[in-house]
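Listed here are the chains, written in short residue letters.
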Amino acid sequence: MKDFVNNSIDLNDLPDFESVHLEISEKNYFIKMVMQWAIFCLVYSLILLALMNAKWGIPIWIFKLSSFFAFSFVLIGVFLSFKRYKSIGYALRQKDVIFQRGWLIKKTTVIPFNRIQHVASKQSFLDKKLGLAVLRIYTAGGSGSDISIVGLLPKEALKIKEFIIQLIDAEERTE
Amino acid sequence: MPKKEQNKLFAIPQNQNKLGILFIFLYSLYKITRGLIAIFLYSALTQKLSNYWFYIVLGLSVLFLIVLVFSYLSYKNFKFHIDYKNYRFVLKQGVFTSNTLDISLQRIQQVYVKRTIIHRIIGVCSLVVESAGSSDKEIEIKALSEDKALALQQELLALKAEEYSVNKELSNDLENEVSNADKFEQAEDSLSKNNVEWTYKLGLKKLLLLGLTSNYFRGLGLIIVFISTVYGQFSQFVDDNPYWKGAEEYLEQEYTSVFEITLVLVLSFFILFALSILVSIIETILKYFELKITKKKESLEVEMGLKTNTKWSLNPNRVQIVTHSSNPLQSRLDLHQLQLALIGSDDQIKKNSLSIPALTLNKLLQIQNFLFSVKLEKGEFVRMYPVWLFKRLVITTLLLGGAFFLNYFVGWFRIELLASILIPVGLILFTLQFFIFRSSKLAITPNFVIKSEGVWFKKRKYIELYKIQAFSVQEPIFLRKRKLVHITFHTAAGDLRFNYLPKSYCAQLNYLLYRVESSRQAWM
């Protein structure tokens, strides 16, 4: 496809979405993911403990194995959280928003502003405690193309949301 | 406007056709019968309930009466009208409760006429109104006379178009005003019925040909589903039945030699194959019976089906992905299928896709031309990176090798026997992978994304660039070193994905973004 010719436009003149500098996410997002893992592992260990005391005659080696799993879960969880935290990046351009996430499968989604249906900023319980927010951007493409920009400061999320909404409104007015 | 006055028929709340009572009654009975049929058959066959037939008849008559009253109330309390002032379609329903539903005409996505067998017997049809939104997506007016249904359909669509252009007029964009005039003309046109450009009908002969050349695996699947359902319903009856046991014993005693078992297997395979073909033909006829396409100036009307006759009115704006498919056999017979992915009221793609089968290539191109806003152009295709083929070959080899390895330890088959089966299978798989690789192609032309795929059932999918909502580029960790990516194009009616592309191809996506972001065409 290198010899693709297009009379009206030169591909090299177009702005390249891959060379855009991406903003990274907040450090607290990493802490949030670790806390989520910690909660999961805590619940897991509690269940193990309860089962151990239940005297159902479950052989002891099962518990040993499970504890080993729990321990490796913690390590893997922290490692994956760190990789995910490192992989997250977003950028706003004049006409679209770019969002990148994932380490095992790095996924970059680009949504033009004139295809955004609506924007919502969300905060879970942990988000509130850690001072984080999630910006969810909805398109008509459904779950496949909707994105959640994680690891934002609430202030930033609000600012981006307002920016996009104002753009969408302007778009609708000129249409 | 005098036209409007005359059409204000729907301004007052009104009931359905009186035959609606009969329809609701029969439909409810049908549903109840379908639910209870297993119990009836079971009791009839085992003769367990024969002593209680008086009570059964009594119970059934009470049921009849209840259903009749229910049907009457359901008919009586169902009222609909169009609120011309606020541009809303209002509907009141409910048997004991009262439920008012009103839909903004702007949000209506699709209005079509539907006829089931019961409808045909009584001589009415139902009108389905689909709207965008999270709840109450679909409403159905169950019984209307055909004239009235068509009039209401036209009225709703015309009003929707009218409001669309009224809204648009508020803007003072010069470019848009031209198209406004167009839209307005179209709305006016749709009020007058006589703007048919051409019609296309599908005869029984073509339908048979289509069934014969279609995918038999579907037929086979249907048979398997049917058998398992029936078996599930009657398994208890089967266990109790002395005949069945006798048959089982007969089979066990009579068929013992390898040759006989093989013969039975081969025979049943052929019977199953023939049945699959038969089922495929029957399914095709049921689905596409009396297919009729009417091309009007601004819309395409498609009507088909024996059991449930559905009439769609298609607007090119709602079509997001167009798929053209056929196989070499059908291609020779000039049978081509067009599948349209439509924006609908929910996420299920299956429900919102419309298949138009058995078109001649000429007609298919005509329809495509109507659906696309610009002429289809040729583009340069790229294939997947050959690593894909290499990977598939490695996986196939590993699987085959694994089978030999396993057999070495377990020893179920002799090595010669296994080799004589697996080596040809392996060769077939290898060639298949090669052909899959060769047929998968992608092109981004100035106005379209085009994807080709399929070895026997060849498919070509088209998306107009301005209908793309977003795209995603995936880089799995194991492909990062080779600089390969998977690209997914998202539209409002489903995604299109192409794997194993070189990363340099992403430059094309910049062009796509440029097209989407500079486009002022409404994507729906």
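Parameters at a glance
- Residues numbered from 1 in each chain as written.
- Chains lettered and ligands numbered in written order.
- Predicted model: local features only at pLDDT ≥ 70, side-chain atom pairs only at ≥ 80, totals over all residues.
- Heavy atoms only, no water.
- Helix = DSSP H or I, 4+ residues; strand = E, 2+ residues; numbered from the N terminus.
- Buried < 20%, exposed > 50% of the residue type's maximum accessible area, 1.4 Å probe, protein only.
- Contact = heavy atoms within 4.5 Å.
- Areas by Shrake-Rupley, 256 points an atom, 1.4 Å probe, with all protein chains shown as cover.
- pLDDT = per-residue confidence, 0-100.
- Expected span 1.5 Å × (residues − 1).
- Buried area = accessible area lost by both parts, 1.4 Å probe.
- Salt bridge = Lys/Arg side-chain N within 4 Å of Asp/Glu carboxyl O.
- Polar contact = N/O pair within 3.5 Å; in protein donor to acceptor, adjacent residues only side chain to side chain.
- Nonpolar A, V, L, I, M, F, W, Y, C, P; charged D, E, K, R; others polar.
- Pairing = 2+ DSSP bridges.
- Axes fitted to C-alpha atoms, helices over the stretch in contact; angles between N-to-C directions.
- Patch = residues over 30% accessible without salt bridge, like charges linked within 9 Å, V, L, I, M, F, W, Y side chains within 5 Å.
- Lys, Arg positive; Asp, Glu negative; His and termini not counted.
- Charge placed at Lys NZ, Arg CZ, Asp CG, Glu CD.
- Phe/Tyr/Trp six-rings, centres within 6.5 Å; stacked < 30°, edge-to-face > 60°.
- Parallel < 35°, antiparallel > 145°, perpendicular 65-115°, else oblique.
- Core = buried A, V, L, I, M, F, W, Y, C linked by side-chain atoms within 4.5 Å.

**Topic: the overall build of chain A**
Consideration 1: A tally of helices and strands in chain A yields four helices and seven strands.
Consideration 2: N-terminal to C-terminal, the α/β element order of chain A is β-α-α-β-β-β-β-α-β-β-α.
Consideration 3: Counting all 175 residues of chain A, 38% fall into the buried class.
Consideration 4: Intrachain contacts of chain A at a sequence separation of at least 6 include 51% that bridge at least 24 residues.
Consideration 5: Element-wise, carbon and sulfur atoms account for 63% of the exposed surface of chain A, whose accessible area totals about 10600 Å².

**A look at the confidence of the model for chain B**
Residue and element names in this part refer to chain B.
Consideration 1: Chain-level pLDDT for chain B is 81 on average; 84% of the residues reach the 70-or-more range.
Consideration 2: Ranking the elements of chain B by mean pLDDT puts helix α6 (residues 174-191) last with 45 and strand β16 (residues 448-453) first with 95.
Consideration 3: In this model, residues 1-6 is a region of pLDDT below 50 whose contacts with residues beyond four sequence positions or in other chains number five contacts.
Consideration 4: Here residues 345-350 is a poorly scored stretch, pLDDT under 50, and it has ten contacts once near neighbours within four places are set aside; other chains count.

**A closer look at helix α3 (residues 53-76) of chain B**
Consideration 1: Compared with the 34 Å implied by 1.5 Å per residue over 24 residues, the 34 Å span of α3(B) between its first and last C-alpha is a close match.
Consideration 2: Looking at α3(B), one finds that the buried residues are Val67(B), Ser71(B), Ser74(B) and Tyr75(B).

**With respect to the interface of chain A and chain B**
Consideration 1: Every contact between the two is made by 35 residues of chain A and, on the other side, 39 residues of chain B.
Consideration 2: Between chain A and chain B lies a buried interface of about 3400 Å² when both sides are counted; carbon and sulfur atoms form 54% of it.
Consideration 3: Joining chain A to chain B, the criterion identifies one salt bridge.
Consideration 4: Here Glu475(B) makes a salt bridge to Lys106(A), at a shortest N to O gap of 3.7 Å.
Consideration 5: In this assembly, chain A and chain B are joined by eleven residue pairs in polar contact (both at pLDDT 80 or more).
Consideration 6: Elements with a contribution of two residues or more to the side of chain A that touches chain B: β4 (105-112) and α4 (154-174) of chain A.
Consideration 7: Examining the composition of the side of chain A that touches chain B, we find that eight residues originate from one element, β4(A), more than from any other.
Consideration 8: Class assignment for the residues of the side of chain A that touches chain B results in 14 nonpolar, nine polar and twelve charged.
Consideration 9: In the sheet, β4(A) pairs with strand β18 (residues 468-476) of chain B via six bridges, with the strands oriented antiparallel. Opposite Val110(A), over in β18(B), you have Phe471(B) as the bridge partner.

**Digging into the sheet that holds strand β7 (residues 196-201) of chain B**
Residues and elements named next belong to chain B.
Consideration 1: Strand order in the open sheet formed by seven strands is β6-β5-β4-β10-β9-β8-β7, and the pairing between neighbours is antiparallel. Both outer strands of the open sheet, β6 (138-144) and β7, are each paired with one neighbouring strand and no more. Taking each pair of neighbouring strands and ignoring which way they run, the sheet shows an average axis angle of 15°.
Consideration 2: Where strand β8 (residues 292-296) meets strand β9 (residues 300-304), four bridges bridge the pair, whose relative direction is antiparallel. Note that in β9 the partner of Lys295 across the bridge is Leu300.

**Quick look at a positive patch on the surface**
Consideration 1: Residues Lys31(B), Arg34(B), Lys142(B) and Lys307(B) make up a contiguous surface patch of positive charge.
Consideration 2: By secondary structure assignment, the location of Arg34(B) is in helix α2 (residues 19-46).

**Here we look at the side chain of Gln474(B)**
Consideration 1: The residue Gln474(B) is located in strand β18 in this model.
Consideration 2: Ignoring sequence-local partners within four residues, the contact set of Gln474(B) consists of Ile105(A), Lys106(A), Lys107(A), Leu484(B), Val485(B), His486(B) and Arg497(B).

**Points about the packing of aromatic side chains**
Consideration 1: As enumerated under the stated definition, the model contains 25 aromatic pairs over all chains in all.
Consideration 2: Each ring, one from Phe40(A) and one from Phe73(A), has its centre 6.2 Å from the other, and the planes form 55°; the classification is tilted. Linking Phe40(A) in helix α1 (residues 27-53) with Phe73(A) in helix α2 (residues 60-87), this pair joins segments that are 33 residues apart in sequence.
Consideration 3: The exposure class of Phe73(A) is partly exposed, given its relative accessible area of 30%.
Consideration 4: An angle of 75° between the planes, with centres 5.5 Å apart, marks the rings of Phe54(B) and Tyr55(B) as edge-to-face.

**Considering the sheet that holds strand β12 (residues 336-342) of chain B**
Pairing between sheet strands relies on hydrogen bonds along the backbone, with the strands arranged either parallel or antiparallel.
All names here are of chain B.
Consideration 1: What the seven strands build is an open sheet, ordered β13-β12-β11-β17-β16-β15-β14; its pairing is antiparallel. Strands with a single pairing partner mark the edges of an open sheet, and in this sheet they are β13 (353-359) and β14 (382-383).
Consideration 2: Pairing of strand β11 (residues 319-326) with β12, which is carried by six bridges, proceeds in the antiparallel orientation. Following the sheet pairing, Val319 is matched in β12 by Leu342.
Consideration 3: Where helix α12 (residues 361-371) meets the sheet, its contacts fall on β11, β12, β13 and β17 (458-464), and the angle it forms with β12 comes to roughly 20°.

**A closer look at the packing of α1(A) against α2(A)**
The relative placement of two packed helices is expressed as an angle between their axes plus a distance between the axes.
All names here are of chain A.
Consideration 1: Across the interface, α1 lies against α2 with an axial gap of 9 Å and an inter-helix angle of 170°. Classed by the angle they form, the pair α1 and α2 counts as roughly antiparallel.
Consideration 2: Looking at side-chain class alone, the contact of α1 with α2 contains 20 nonpolar, four polar and two charged residues.

**Concerning the environment of Gln117(A)**
Residues and elements named next belong to chain A.
Consideration 1: Of note, Gln117 is situated in strand β5 (residues 116-122).
Consideration 2: The class for Gln117 is partly exposed, based on a relative accessible area of 43%.
Consideration 3: A sequence separation of 29 residues divides Gln117 from Asp146, and the C-alpha atoms of the two residues are 9.8 Å apart.

**Some words on the nonpolar core**
All names here are of chain B.
Consideration 1: Within the largest apolar cluster, 39 residues are counted, with the highest numbers of intra-cluster contacts made by Val449, Phe489, Leu509 and Leu512.
Consideration 2: Looking at this core element by element, the count peaks at five residues for helix α15 (residues 507-518).
Consideration 3: Among residues more than four places away in sequence, those in contact with Val449 are Leu442, Ala443, Ile444, Lys461, Tyr462, Ile463, Leu465, Ile468, Phe489, Leu496 and Leu512.
Consideration 4: The next biggest cluster of nonpolar side chains, apart from the first, holds 34 residues, and it includes Leu207, Ile293, Ile356 and Leu371.

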